[in-house]
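# Results of the structural survey
Chain residues, written in single-letter form:
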Amino acid sequence: MPVAGLAAAAAAAAAPLNTANNMAFGPNAISSVIGKPTADHIPTIDETSTQSGSFPSSSAASSPTRPPKLNRAGSQTSSRDGSEEQQLPIRRASTLEKLGLSTTIARANSLPKNHEDLKHAASMPMLFTEAPRPFWGRLWTCPQLVGFLLAVASLLFFCVGRPIQEFPKSNEMLGVTFFCAFFWVFEVVPICITALVPMVLLPTLKITSSRIVAQAYWNWISVLVVATYLVSLAVEESRLPKRLVLRFLLTFPTMSPAMLLATLMGFCFLLAMFVNSVAVMLLLAPFATCLALAAEESARNEGAEAEEAAEADLEHASSSGVVAADRRCLESKQLLKDAQRFGDALLLGLAYAASCGGMATLTGAVAHYFLAGMVDFDTQVNWAHWLQFAGPIAVICGLLAYGVLYFRYISKTSVAGLSKELLEAEEEDLLSEVGSFSRDEFLVLLIQALQLALLILRPYVISPYVTSFSGGVLVNDATVAAIPALLLFFLPSEVRPRQALLSWPTVHERLDFGLVLLVGGGMAINSGFAQSGLNLIVGDCIGDIIPHLGRFSLNVCIIGGVTLCCQVFSNVGAAATLLPVMASAALQAVVNPLRLLLPATIATSLAFLLPTAAPSNVVALAKSADLARMLRTRDFFWNGLPLTIAAVLVCAALTQILGEVMFDVDGPLPRWACETTISGNCIFAKIPGFVEGRWVQEQACIINQGAAADGMICRIWNGTTYSTADVM
């Protein structure tokens, strides 16, 4: 290439690095970021395909060198003296890349920026899309219309065609299940409103009574949801999490990208254990975005300064000057690319940490409520037991997520770290907004700690001493969770005089009552399975496969299958539909239901592959619109794929080990599982023998309720049948 060509290339994109070939961003960068409306800038396809060749600069007006121009064809034009221009072709995006970028931009732009609206969009993304709505009075998009037609068609098929003869009402129940599933998947109406469909259809189709269905919508699980949500609202209102993060980061003189990612993910993980994951993301994602913008702005500023240095090198017109300019060109491109990858890692890390943190506690994810709400399961799967079982699994999944992001992003970045001055500037902004650490924040912190302590200690220091005359447990997690929630309304606020720590207007405005409906709808479907006999039909099909699979292979199949369903559908809909099936299949196979339910429930939190697979992913995608280059679907997929594969294998092994330690899942089907109303076809008979390698005096016998047996025959674990009259 002639010298003039090299000179043009160097002048177009030259940017130096510092002596260590890396970059640290400070208060100057963040001040320039805060001053501009970053959320309003969405790069076009042409800008994105050529952004690596130019660096916008805030100081370009004062610089004697004009910034390089981009023509319509995506080529860069450059001229030292303005008399002639030479086009420098660069690689243009392919058609598929352009299509994917356009889809991602449209998807992120359709998500609201307001926090309250984004909370709803995180769980119902299709309702917030900007796609045309030509159907049903401009209310429905094409996918919503398809979902409605599929739902109605499936309901009519099972109610009219009646393919199941053994249990007639199971046809109607299967139709209701598919109807709700299609409504949830395609979001024909808000998913919380879909949860009311069982209340209408189950009594109308004579599956069960309104009284029984209504009981599923408000039970102790509903109280537990409200109590924990109230405390999380108080934590969110106090802005305590961001203050704690800043205080922790300020204890270090400098913060490397690896340490920064670990710190943000760690705090997000801990908060998601007790606070709604969407609220956690809305608290921390703006902070992470601000840091990423500072890194990008610092890189661009250095690129602008490099243009002047490149011009000075090229004035000598020597080979060494051209080589130096060319080197700065390559280094500056890499610097901006690393800054953008650093922002991707922060947002993806928060999304993954929120999902993993919610896995650790019984109240951390909505899907967990379906497991705990099953009849009599609360005596086995309480808050403390779940933490001991799922806590180690969640920590390891969080470490896997950090490892994937570290090796794919942080280990290859040239970003030096985070300056203390930037954090101090952020803390000053926080102090100007909410003031210094107040008594309100201290009391909220104590109340959150009290709720945590009560939920952990309740099975050991409260329930054993508060019993009925017959020895039955009277206090469960709902009662102890409600105590700290009530305290929020008894303690006066110092920041807001004449008000309590948590005011009722705040609760009325921000409490997600739809969550209660959603949990109730899942419980209603669970009840309908047992009332209609559908649990027996589906359970028989799956139960026949269980004896032919090894323990680890069974866990891999369950976790892998449920994880795949959660990527395509919502994890709430998958949990509401699949958990009753798993419980029924376990009883038909005469094994402990927790052997199938525990891995299936864990799998509902492994939603890493797609932006819409989990609410935290949706928030990360929406917040990335504030960056110069937003997150793309492939960013989620290529990072989530190795993470999902590793998590499935690790969770399969850990659920086997910890499930046996905590719940004895490899033992015989226990009495409490046989006596639940979920089964409805199990008796605990005095039949001695070996079950799962253990000698027992009594064991479960599953009644055959088919038309041929008419409930007169039951089957034990090894397949032997008995007359129910002989064993009862």
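Before reading further, recall that the structure is shown in the block above.
My aim in this report is to walk through the structure given alongside it, one point at a time. Please read these numbers as outputs of a predicted model, since none were measured by experiment. (Residues numbered from 1 in each chain as written. Predicted model: local features only at pLDDT ≥ 70, side-chain atom pairs only at ≥ 80, totals over all residues. Heavy atoms only, no water.)

## So, the packing of aromatic side chains
With the rule as written, the count across this model stands at 15 aromatic pairs. Ring-pair connections join several aromatic residues into one group, and the members of that group are Phe157, Phe158, Phe178, Phe182 and Phe186. (Phe/Tyr/Trp six-rings, centres within 6.5 Å; stacked < 30°, edge-to-face > 60°.)

## With respect to the packing of helix H6 (residues 142-161) against helix H7 (residues 169-186)
A packed helix pair is summarised by two numbers, namely the angle formed by the two axes and the spacing between the axes. Contact geometry of H6 with H7 gives a least axis separation of 8 Å together with a crossing angle of 175 degrees. Between H6 and H7, the angle falls in the class roughly antiparallel. Between H6, through Pro143, Gln144, Gly147, Phe148, Leu150, Ala151, Val152, Ser154, Leu155, Phe158 and Cys159, and H7, the contact on the second element is made entirely by Asn171, Glu172, Leu174, Gly175, Val176, Phe178, Phe179, Phe182, Phe183 and Phe186. Of the residues that constitute the contact of H6 with H7, the class distribution is 15 nonpolar, 5 polar and 1 charged. (Axes fitted to C-alpha atoms, helices over the stretch in contact; angles between N-to-C directions. Helix = DSSP H or I, 4+ residues; strand = E, 2+ residues; numbered from the N terminus. Parallel < 35°, antiparallel > 145°, perpendicular 65-115°, else oblique. Contact = heavy atoms within 4.5 Å. Nonpolar A, V, L, I, M, F, W, Y, C, P; charged D, E, K, R; others polar.)

## Brief notes about the environment of Ala500
Along the chain, the position of Ala500 falls in the loop between helix H20 (477-487) and helix H21 (504-510). Here the alpha-carbon distance between Ala500 and Phe490, two residues 10 residues apart in the chain, equals 6.4 Å. When near neighbours in sequence (up to four residues on either side) are disregarded, Ala500 contacts Leu488, Phe489, Leu491, Pro492 and Ser493.

## Section: the state of the cysteines
Among covalent bonds in proteins, the disulfide is the one between the sulfur atoms of two cysteines. Scanning the model with the defined rule gives 2 disulfides in all. The disulfide that involves Cys674 links it to Cys682, with 2.0 Å between the sulfurs. Its torsion about the S-S bond being -110 degrees, the disulfide of Cys674 and Cys682 is classed as left-handed. A single burial state applies to Cys674 and to Cys682, both of which are buried. (Disulfide = S-S within 2.5 Å. Buried < 20%, exposed > 50% of the residue type's maximum accessible area, 1.4 Å probe, protein only.)

## Details of the nonpolar core
Across soluble globular proteins, you tend to see nonpolar side chains buried next to one another. Ile221, Leu264, Trp386, Phe389, Ile393, Leu596 and Leu606 are the most contacted members of the largest nonpolar core, which has 180 residues in total. Discounting chain neighbours no more than four positions away, the residues touching Phe389 are Leu598, Ile602, Thr655, Leu658, Gly659, Met662 and Phe663. Formed by 8 residues, the second largest nonpolar core is a distinct cluster that contains Ala685, Ile687, Ile703 and Val727. (Core = buried A, V, L, I, M, F, W, Y, C linked by side-chain atoms within 4.5 Å.)

## Details of the pattern of salt bridges
All told, the structure shown has 12 salt bridges when counted by the stated rule. Arg162 is the partner of Glu172 in a salt bridge, and the nearest nitrogen-oxygen pair spans 2.6 Å. Residue Glu172 is located in helix H7, and its partner Arg162 is located in the loop between H6 and H7; the two are separated by 10 residues in the primary sequence. The salt bridge involving Arg595 is made with Glu692; its shortest N-O contact spans 3.1 Å. Note that Arg595 is positioned in helix H26 (residues 594-603) and Glu692 in the loop between strand E8 (689-691) and strand E9 (694-696), a separation of 97 residues in sequence. A residue is classified by how much of its surface remains accessible, and Arg595, at 9% relative accessible area, is buried. (Salt bridge = Lys/Arg side-chain N within 4 Å of Asp/Glu carboxyl O.)

## Considerations on helix H28 (residues 633-663)
Given 3.6 residues to a turn, an α-helix orients residues that are three or four positions apart in the same direction. With 31 residues, H28 extends just 39 Å between its outermost C-alpha atoms, more than 12% less than the 45 Å of an ideal straight helix rising 1.5 Å per residue. Of all the bends in H28, the greatest, near 35 degrees, is centred on Gly640, and the proline Pro642 appears no more than four residues after it. Residue Asp664 follows H28 closely and has a positive phi angle near 55 degrees. (Expected span 1.5 Å × (residues − 1). Bend = angle between axes of the 7 residues up to and from the residue.)

## Points about the sheet that holds strand E7 (residues 682-685)
Spatially, E7-E10-E11-E12 is the arrangement adopted by the 4 strands of the open sheet, whose pairing is antiparallel. Only two strands of the sheet have a single neighbouring strand rather than two, namely E7 and strand E12 (721-723). Neighbouring strand axes in the sheet, compared pairwise and without regard to direction, differ in orientation by 40 degrees on average. Two elements, E7 and strand E10 (residues 699-704), share 4 bridges in a ladder whose sense is antiparallel. What sits directly across from Phe684, in E10, is Ala700. (Pairing = 2+ DSSP bridges.)

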